[in-house]
Amino acid sequence: MRDKDVLTAAYLKNNSRFADLLNGWLFGGRPVVRPDDIQELDSAEIRIRRDRTTGGVRTGKRYRDVIRRVALGMRFAVICVEEQSEVDYTMPFRVIGYDLDRYEQQLRIRRQEHRQRKDLKAEEYLSGISREDRFLPVVTLVLYFGKHWDGPRNLKDLLDLEGMLPEVRELLADYPVHVIEVGNYPYAEAFRTDLKLVFGFVQNADDKEKLQAFARAEEEALSELAEDAYDLISVMTGTEELDRIKKEKQERKGKVNMCKAIDDMLADAREEGRERGRSEMMNGLQEMIADAREEGREAGRSETMNGLQEMIADAREEGREAGRSETMNGLQEMIADAREEGREAGRSETMNGLQEMIADAREEGREAGRSETMNGLQEMIADAREEGREAGRSETMNGLQEMITDVREEERKETIQTFVNDYIEEGFSREILIKKLQKMFSLDQKTALEYVK
């Protein structure tokens, strides 16, 4: 990609644009600064540092993006423009350094003039300038093409002043950083050159509908856009498609029809959107199929569990019925045995032919015996019934627990095997499947190996 600084410098080399930038920024669009009021200066800033101890000299050179000498009213000022695509959180230090280099350059020139003229008085000779010497003010403007400038806007933003006494804070000199956020600049309509188009394109580049509306509103101007403006827009907005379209659509040297370029770019974007839509549709269908498969598995598991619950409920009821039946059979056998014993006793008493008293006594004894026997039988029957219930419950519960354990184990095995089969269909390797089984089902390696044979 071409150097953004170079493109900015080339674009603002045109004095009409530079004047338009200053008028829009400083004077609300009023034509205070004319193109003839602007003079180009050397962008190289020479740095000379002398070591007073050794007498040695260190030199350096750096370049400003754009620098001009501008007539503002009855005086001149040095106006510098720095292009920024990213936020620089050291910008106050940078601007101070840039401006100081320019002031020192003016100071060196003025001292050299005085040495040639030899016109300094004794008290002026030490500083190398006269009491009346004055220098051109230097102003730096940061032209920011990024999304939002959240960096410092003055020197004090970089200083740790929390808890500082107010009296001390007042002593600290500040140094402002002047930033124009191109993407958020609200006064672009005040520009009279194609700066308006550059700012407008940057501000609408992220919204294709707004960009197309902007292109329609500025169709006449965009159809005759200068090539350097087109190039700046292409690079600063990152729309490299404009470079390709430019080569195909450039109508004549120095002019580019950006309206056609925007239409072609949006058409390409629309086609890419269709392709992306098809891809997303296919992905969505695959997800729907996967969801449907998973829902089927869940439904199968749910039906299985419902069936198991019904089977367990039926088994429990059968166990209860069996327990009741066995208890009743046992009681009937006990009652039959007791009745048979009573018959045998009755026959024996009749056959003996005992005397009436003995018979009466025996009868009384029988009555007492029968009463005791009946009470005993009732207790025995109650005990037998309770024992039968307990035995029935115990047997039923043991049987149910065994059935539930068997069902759960079978369900677990089926679930694990279904999981393995699904992942095998999806193309997962044997090693990955073993790791998933160990992690998800807490299987040891040997058991996991049996599932993926």
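Predicted, not measured: the structure shown is a model, and the values here were computed from it. (Residues numbered from 1 in each chain as written. Predicted model: local features only at pLDDT ≥ 70, side-chain atom pairs only at ≥ 80, totals over all residues. Heavy atoms only, no water.)

Draft legend 1. View of helix α2 (residues 15-26). Across its 12 residues, α2 extends 16 Å between first and last C-alpha, which sits within 8% of the 16 Å expected from 1.5 Å per residue. Here α2 has its buried residues at R17, F18, A19, D20, L21, L22, N23 and G24. Looking one or two residues past α2, G28 carries a phi angle of roughly 65 degrees, positive in sign. (Helix = DSSP H or I, 4+ residues; strand = E, 2+ residues; numbered from the N terminus. Expected span 1.5 Å × (residues − 1). Buried < 20%, exposed > 50% of the residue type's maximum accessible area, 1.4 Å probe, protein only.)

Draft legend 2. Structural detail: the sheet that holds strand β4 (residues 66-72). With respect to topology, five strands assemble into an open sheet ordered β1-β4-β5-β6-β7, the strand pairing being mixed. Two strands close off the open sheet at either side, each with one partner strand: β1 (38-40) and β7 (178-181). Within the sheet, the average angular offset between the axes of one strand and its neighbour, ignoring direction, is 30 degrees. As paired elements, strand β6 (residues 138-144) and β7 share four bridges and run parallel to each other. In the strand pairing of β7, Y144 is matched with E181. Relative to the sheet, α2 contacts β1, β4, β5 (75-84), β6 and β7, its axis offset from that of β4 by approximately 65 degrees. Helix α3 (residues 91-117) contacts β4, β5 and β6 of the sheet and is inclined by roughly 145 degrees relative to β6. (Pairing = 2+ DSSP bridges. Axes fitted to C-alpha atoms, helices over the stretch in contact; angles between N-to-C directions. Contact = heavy atoms within 4.5 Å.)

Draft legend 3. The nonpolar core, seen in detail. With 41 residues, the main nonpolar core has L12, F18, L21, V81, L143 and F199 as its most contacted residues. Of all the elements in the fold, those that place two or more residues in this core are α1 (4-12), α2, β4, β5, β6, α6 (195-204), α7 (208-217) and α9 (227-236). Excluding residues within four positions of it along the chain, V81 makes contact with L12, F18, L21, D65, V66, L141 and L143. Core analysis: the next-biggest nonpolar cluster, separate from the first, contains 11 residues, I416, V420, L433 and Y451 among them. (Core = buried A, V, L, I, M, F, W, Y, C linked by side-chain atoms within 4.5 Å.)

Draft legend 4. Here's a closer look at the pattern of salt bridges. Tallied over the full model, the rule gives 16 salt bridges. One salt bridge in this structure joins D119 and R117, with 3.0 Å as the shortest N-O distance. A relative accessible area of 38% places D119 in the partly exposed class. For R117, a relative accessible area of 48% gives the class partly exposed. Salt-bridge contacts for E189 lead to K196; the nearest nitrogen and oxygen are separated by 3.2 Å. Of the residues examined, K196 reaches a relative accessible area of 21% and is grouped as partly exposed. Each of R64, E82, D88, R94 and D99 takes part in one network of salt bridges that share partners. (Salt bridge = Lys/Arg side-chain N within 4 Å of Asp/Glu carboxyl O.)

Draft legend 5. Structural detail: α6. Of all 10 residues in α6, eight are buried; the element is thus mostly enclosed. Within α6 the residues assigned to the buried category are L195, L197, V198, F199, G200, F201, V202 and N204.

Draft legend 6. Up close: the packing of α6 against α7. Two elements in contact, α6 and α7, have axes separated by 8 Å at closest approach and are oriented at 160 degrees. By the angle between their directions, the pair α6 and α7 is classed as roughly antiparallel. For the pair formed by α6 and α7, the contact residues are K196, L197, G200, F201 and N204 on the first element and K210, L211 and F214 on the second. Residues that form the contact of α6 with α7 fall into these classes: four nonpolar, two polar and two charged. (Parallel < 35°, antiparallel > 145°, perpendicular 65-115°, else oblique. Nonpolar A, V, L, I, M, F, W, Y, C, P; charged D, E, K, R; others polar.)

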